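Descriptive structure summary
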Amino acid sequence: MKAQKSIEVTCLSSEAAWTLFQKEVGEETLKSHPHIPRLAKIVAEECKGLPLALITLGRAMAGEKDPSNWDKVIQDLSKFPAEISDGECGKKRNKILVYNDVSRLKEAQEIPNLKAAEKMSLWDENVKKFPKTLVTINTNVLSRVEESLLDELESLNGISEICITICTTRSFNKLKSSHKLQRCISQFELDKCGDMISLELLPSFLKRMKHLRWLCISDCNELKDIKIEGEGEGTQRDATLQNYNAARGNYFRALHGVYIHHCSKLLNITWLVCAPYLEELTIEDCESIEQVICYGVEEKLDIFSRLKYLKLNNLPRLKSIYHHPLPFSSLEIIKVYDCKSLRSLPFDSNTSNNNLKKIKGETSWWNQLEWNDETIKHSFTPYFQIHEAEAYLTDSEESETDGIDEMQEDSTSN
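All residue numbers refer to positions counted from 1 along the written sequence of the respective chain. Note on the predicted model: pLDDT of at least 70 is required for a residue's local features to be given, and 80 or more for side-chain atom pairs to be given and counted; whole-chain, interface and lining totals, by contrast, use all residues. Values reported for side chains reflect all heavy atoms of the structure, with hydrogen atoms and water molecules removed beforehand.

**Observations regarding helix α3 (residues 36–46)**
Note on exposure labels: buried denotes an accessible area under 20% of the residue type's maximum, exposed denotes more than 50%, and partly exposed covers the range between, all computed with a 1.4 Å probe on protein chains only. Put simply, DSSP H or I for four residues or longer makes a helix, DSSP E for two residues or longer makes a strand, and each gets a number counted from the N terminus. Taken residue by residue, α3 has Ile 36, Leu 39, Ala 40, Val 43 and Ala 44 as its buried positions. Axial view of α3: buried residues confined to an arc of 145°, hence all on one face. The first or second residue beyond α3 is Lys 48, which carries a positive phi of 55°. Taken from the helix axis, the directions to the C-beta atoms give the arc we talk about.

Laid out in structure tokens, this is it:
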């Protein structure tokens, strides 16, 4: 990006945003597959009317004719959704400033803008220290930065919200010592922490992270487990389960989205039983996971009651989501791709399909699922849809077959 100026964001209407996005993507791409227009509209909506986002994403998706790649982009966007609401667009009292060159903050003409700003987004990868202009002004800051700026972030006055990426165990330990930053974090990403084997979360840390809404853990190839620490008696397993049961309802009350990608040694994410308000869960490319929730075999837990979206992708060893059937009273969409060992879903006659819109996956996976009762299978079969890539291949094969048949007919008639 070459822009060096701060901008006051003016959001486009949904109609104008869709028009702009279509222009950038191009008619050829939009007409290349019947599913792409619908997926493109979802991507455009995720841009929240922001022209720069619409243009950038539109150009990036121009020429992308595989629906599965569009679907992946939608999920990537949902990891850290835009913090722009309708009330924040076009109103000076809620001005949002975007800087990709933090040195601009040193300039005198920027001070009036800073004083009027409610939120700022800082995207300068080379910044090592915030200028005094920013430190001395009492403003709310939305900032997604790397770990090198932890001390600088803590020095900001009036900070109320942070989106942050951590890349080393040392940096995470440093973050755990900052009570101020923990209370401000709304979006947290643990990315490429190659030296982290175990992520241990203390109750005091979790209590301060009460505003955490979105959590992403990606490319942590040595990470084996995520544990909520606490006092317990008995075996390690019993103590851990006791910790989870004690923690349920006390932590992660604001956590709505969890996204875990490319953690090849991670064994499970049982700690999710402590996230009662979770709405979106995506687990992808985690080769060692055999169970999503591996405790509670003897005890039925009321989990995932608020979950609306579940995606499981490329989990070759996954055998179980949970050992007992779940009500899933809010569930709308399930996507299961490349999970060949997953032979059953935690469904029974009490599992709700009132809000369910679709279950997406490969036909071969769906056909091999095992059901305790055929009536349960019949009640959920109408919601099954084949994966976009499989549908695309099927359509292509049918088109090729139709073309061959037409050629044979022409040859016969001649």
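**A short note on helix α4 (residues 51–61)**
Side chains of residues three or four places apart in an α-helix project in the same direction, reflecting 3.6 residues per turn. Looking only at α4, the buried set comprises Leu 54, Leu 57, Gly 58 and Met 61. End-on view of α4: buried residues confined to an arc of 105°, all on one side of the axis. Along α4, exposed side chains directed more than 90 degrees from the buried face belong to Arg 59 and Ala 60. Just downstream of α4, Gly 63 is the residue with a positive phi angle, here 90°.

**Here's the deal with the environment of Ile 376**
Note that Ile 376 resides in helix α14 (residues 374–380). The buried category is assigned to Ile 376, whose relative accessible area is 7%. For the pair formed by Ile 376 and Phe 347, sequence separation is 29 residues and the distance between their alpha carbons is 7.6 Å. Contact between two residues is taken to exist if any of their heavy atoms lie within 4.5 Å; hydrogens are not considered. What Ile 376 contacts, discounting residues up to four positions off in sequence, is Phe 347, Asp 348, Ser 349 and Trp 371.

**Examining the packing of helix α1 (residues 14–25) against α4**
Closest axis-to-axis distance for the α1/α4 pair is 7 Å, and the angle between their directions is 30°. Taken together, α1 and α4 sit at an angle that is classed as roughly parallel. In this structure, α1 crosses over α4, and the sense of that crossing is right-handed. Between α1 and α4, the residues in contact are Ala 17, Leu 20, Phe 21, Glu 24 and Val 25 and Pro 51, Leu 54, Ile 55, Leu 57, Gly 58, Arg 59 and Met 61, respectively. Classification convention: Asp, Glu, Lys, Arg as charged; Ala, Val, Leu, Ile, Met, Phe, Trp, Tyr, Cys, Pro as nonpolar; all other residues, Gly among them, as polar. When its residues are assigned to classes, the contact of α1 with α4 shows nine nonpolar, one polar and two charged. Interaxial angle, 0 to 180 degrees, is taken between N-to-C directions of lines fitted to C-alpha atoms, where a helix line uses only the stretch in contact. Here roughly perpendicular refers to angles of 65 to 115 degrees, roughly parallel to angles under 35, roughly antiparallel to angles over 145, and oblique to all remaining angles. Left-handed describes a crossing in which the near helix is turned anticlockwise from the far one by less than a right angle; the clockwise case is right-handed.

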